[in-house]
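# An overview of the molecular structure
Take a look at the letters that make up each chain.
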Amino acid sequence: MVDYTVTVYTSDIAFSGTFNNVYIKLVGTDDESKQTWLVSLKGPLAFIRGAVSSFTVSCPVSIGKLLLIEIEQQPLLIFFTDSWFPAKVEVKSPEGDTYNFPIYRWITDSEVHLFREATALTVFEDNHHLGRYSREQELVQREEDYCWNVYVEGIPHCIESEGPLDLPEEVQFSFTKTTEFVFTAATGLSDLQLSGLSDSRDIWPDMDTIHRVSCAKLTDISEYVQEHWKEDAFFGYQFLNGMNPMLIQRCSVLPKNFPVSDDMVFLGGPHSLADEMKKGNIFLCDYKRLDGLKTNIINGMKQYLMAPLVLLHKTPDDQLMPIAIQLKQTPADDNPIFFPTDSEYDWLTAKIFVRSADFSEHQLNVHLLRTHLLAEVFAVSLLRNVPMVHPLYKLLVPHTRYTLQINNLARSFLISKTGVFTKFAASGGKGVKTFLKRSLSSVTYRSLCIPDDIADRGLEDVPNFYYRDDGIKLWDIIHRYVQGVLSFYYKNDSEVQKDSELQKWISDIFEHGFLSHAGTGIPESFTTVAELVKFVTMVIFTCSGQHSAVNAGQFDYGGWMPNNPLSLQRPPPTTKGETNEDTMMKTFPAINATVQGMSTVWLLSRQSTDSVFLGQYPEEHFSEEMPCKLIQKFQGELEVLSAIINARNKSLKIPYTYLDPKVVENSVAL
């Protein structure tokens, strides 16, 4: 007889243990063991939370190189089958070899579950018939578990599910995440001391009242926003380092529908528009996707949402200053162009309408579509088409954590018929679907890759652009890591081309994420290692850094409503000189809309205590020496970037932290 030492690691998460009987079968290249009941002196405590328990499995002869294990749990007579979350199984053979079997999923039934040895194998390397069979069976089951669904025609598809609890347990929130999320959602209004205001349809009486109700949970940045929101320099700064750094572009030719002339913006000054454009000092923000969008009815009142054009000038002291704002796309006598030289409230009101437009552009396009919905497409395609033993699965599965459930909740509680966004945002309701369709039609592959996107918008040398500086550094670090891992498994382009699982992954993304629109530049298939590396880099960056950049500061910049109004109750001024503080207060969203918006951005800015940050891999999917070394190198480079960002931030009035690897989560989890 020969003995195999089997060590079972039960995960250290809430309710992960089991008192059930656990059975194992070892399957090797030459033979297999009998199904063995795992019994030890620990008795029923062998598989409790965090337990590490060893057992002996005996065979008449060596069964060869281990391929897979079969795990089964059966309830004790007095218990029902309970859920168990084993992390991994380690097996030491009589020849002295150690085999690792990553599991990291809930086992909730009494069925037999197969798990492959940890060594990553592409489909063309998986030569043993038992390996190929288990691979095929796994994908058959996954195609049943992860089905595509069309939530709205014309936007990326999503997973089919009736609700969060209908999702496969392996992708649901942990108990800790669920508890904290539900608690924060339930107590958001009380935490912010807004409970008595959530039903009030009144307008805000004055700015002092808004100040008083906005002081319960100030952050350093939200306090700065309250003090400086009216200032032109801060208004310009937000296009670079606020919640939406994705719209601004260098302007070399004025749009024909934005008739700004020198005498309007540089009257009697040393500058001319033509010269400043040649020097690269003029920038444009164009909210044309919002043009004609059907707006919401809130508290029985029609809401207003403009599609502004904003012209900005980089001054000699490197500040980005707004110099002209047109609130509608079509020039007309009743669509004046506003300037800093106008009256205080004319100019401030114009900026408020821009900030409100930016709220919708940011939330629906930059945040929801370009991070959440695309991350879900990447995740569903991975889980449907790529088995656990595949190197791509091992590389990407940490970047799918919680994404399917958080998106399910967004569809249920934010953009559903009774969702907060639908009820209280100007672009809520029918406008959401229209705008998401428009936004998807504008998505290109290059716009999802930050080095290409920055170059295409002409922003390579804009000063004080920390999103760009940190984002490109982070992209490069991720790219080096991905290149190292994938080049280890794909030695040449032909190996990429013949990997049918890999090709099915990208094919599904092209079809279900980008609706087979070839004009996006999204690849329909991979032909080279370099193509694969760039696309996977984009996926990881989108799910981690990009999401953090457009999500983490929502309360910082949106907790003070006047800086980020989710809706406006009066139309914009059609002539100058008719605005004042009273008209501004009547334009702001009603009290109930304001506090619901504040509560929502508070919830979406609160990370869970079980967050997993970029480069941290508590689940050990890789076992080979090379990818493990590459992970360590990746983590080291992220540490260096974090130190660089923190050193820079010490000298800034407004620290930019959203791409610090220490606060960037691995996945779209919030």
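Structure's up top.
A few points on the structure. Because the structure is a prediction, the values reported are computed rather than measured.

## Points about the overall build of the protein chain
- Helices and strands together make up the secondary structure of the protein chain, namely 22 helices and 17 strands.
- Its C-alpha atoms give the protein chain a radius of gyration of 28 Å, near enough to 26 Å, the size a compact globule of 670 residues would have.
- Structurally, the protein chain occupies a C-alpha span of about 95 × 55 × 45 Å along its principal axes.
- The buried share of the protein chain, reckoned over its 670 residues, is 60%.
- Considering only contacts within the protein chain whose residues lie at least 6 apart along the sequence, 75% involve residues at least 24 apart.
- Carbon together with sulfur atoms contributes 53% to the accessible area of the protein chain, which is approximately 27,000 Å² in total.
- With 59 positive and 83 negative side-chain charges, the protein chain shows a spacing of 3 Å between the two charge centroids.

## Some details on the pattern of salt bridges
- Tallied over the entire structure, the rule returns 31 salt bridges.
- With a shortest N-O distance of 3.9 Å, glutamate 70 and lysine 25 are connected by a salt bridge. Here the residue glutamate 70 occupies a position in strand β5 (residues 66-74), and lysine 25 occupies one in strand β2 (residues 21-28), the gap between them amounting to 45 residues.
- Glutamate 170 is paired through a salt bridge with arginine 142; the nearest N and O atoms lie 3.8 Å apart. Taken together, the residues glutamate 170 in the loop between β10 (158-159) and α2 (175-191) and arginine 142 in helix α1 (residues 129-145) connect sequence positions 28 residues apart.
- Among the ionic contacts, a cluster of salt bridges with common partners joins Arg105, Glu138, Arg142 and Glu170.

Cut-off values and rules
Residues numbered from 1 in each chain as written. Predicted model: local features only at pLDDT ≥ 70, side-chain atom pairs only at ≥ 80, totals over all residues. Heavy atoms only, no water. Helix = DSSP H or I, 4+ residues; strand = E, 2+ residues; numbered from the N terminus. Rg over C-alpha atoms; globule rule 2.2 N^0.38 Å. Buried < 20%, exposed > 50% of the residue type's maximum accessible area, 1.4 Å probe, protein only. Contact = heavy atoms within 4.5 Å. Areas by Shrake-Rupley, 256 points an atom, 1.4 Å probe, with all protein chains shown as cover. Lys, Arg positive; Asp, Glu negative; His and termini not counted. Charge placed at Lys NZ, Arg CZ, Asp CG, Glu CD. Salt bridge = Lys/Arg side-chain N within 4 Å of Asp/Glu carboxyl O.

Such coordinate-based values are descriptive only and should not be taken to indicate function.
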